Amino acid sequence: MNRMYKKSAALLIMLCMILTVVPSNVSAMDAPKQDLTESDIQFDDSSELVMYGDAERLSDGTIQLTDLDIWQSGSAW
């Protein structure tokens, strides 16, 4: 009985590991798009913002938190 329990536990752990590696079919691109206008977010001085991850200031003065790609993360504080 103990041997059967160990095999079942090992199979369950292996299944969990496989499921964490397999990519899902859900993408950030599937999320509904929400367009923001200049009046939605305004900063008096964006030079004091600190960028993290994939975030960057663009040449037109806007802030882009991520590219349109998976596995991206960015923030501005």
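Just so you know, these numbers come straight off a predicted model, no measurement behind them. (Residues numbered from 1 in each chain as written. Predicted model: local features only at pLDDT ≥ 70, side-chain atom pairs only at ≥ 80, totals over all residues. Heavy atoms only, no water.)

1. Description of the overall build of the protein
Along the protein, the regular secondary structure elements total one helix and four strands. Reading the helices (α) and strands (β) of the protein from amino to carboxyl end gives α-β-β-β-β. Among the 77 residues that make up the protein, the fraction classed as buried is 3%. When the accessible area of the protein is evaluated, it comes to approximately 7,500 Å², of which 59% is carbon and sulfur surface. (Helix = DSSP H or I, 4+ residues; strand = E, 2+ residues; numbered from the N terminus. Buried < 20%, exposed > 50% of the residue type's maximum accessible area, 1.4 Å probe, protein only. Areas by Shrake-Rupley, 256 points an atom, 1.4 Å probe, with all protein chains shown as cover.)

2. What about unusual backbone geometry?
The backbone of Trp71 shows a phi angle near 60 degrees, a positive value even though the residue is not glycine. Structurally, Trp71 is set in the loop between β3 (63-64) and β4 (74-76).

3. Concerning a nonpolar patch on the surface
On the surface, Leu11, Met14 and Ile18 cluster together into a nonpolar patch covering about 310 Å² of accessible area. Within the secondary structure layout, Met14 lies in helix α1 (residues 2-21). (Patch = residues over 30% accessible without salt bridge, like charges linked within 9 Å, V, L, I, M, F, W, Y side chains within 5 Å. Salt bridge = Lys/Arg side-chain N within 4 Å of Asp/Glu carboxyl O.)

4. A few points about the confidence of the model for the protein
Summary statistics for the protein give a mean pLDDT of 76 and a share of 69% for residues scoring 70 or more. Per-element confidence in the protein is highest for strand β1 (residues 51-53), whose mean pLDDT is 89, and lowest for α1, whose mean pLDDT is 78. (pLDDT = per-residue confidence, 0-100.)

5. Some details on a negative patch on the surface
Together, Asp54, Glu56, Asp67 and Asp69 make up a region of like negative charge exposed at the surface. As for its placement among the helices and strands, Asp67 is situated in the loop between β3 and β4. (Lys, Arg positive; Asp, Glu negative; His and termini not counted. Charge placed at Lys NZ, Arg CZ, Asp CG, Glu CD.)

6. Remarks on the environment of Thr62
Along the chain, Thr62 falls in the loop between β2 (56-57) and β3. Within the structure, the side chain of Thr62 is placed 2.6 Å from the side chain of Asp60, a separation counted as a polar contact. (Polar contact = N/O pair within 3.5 Å; in protein donor to acceptor, adjacent residues only side chain to side chain.)

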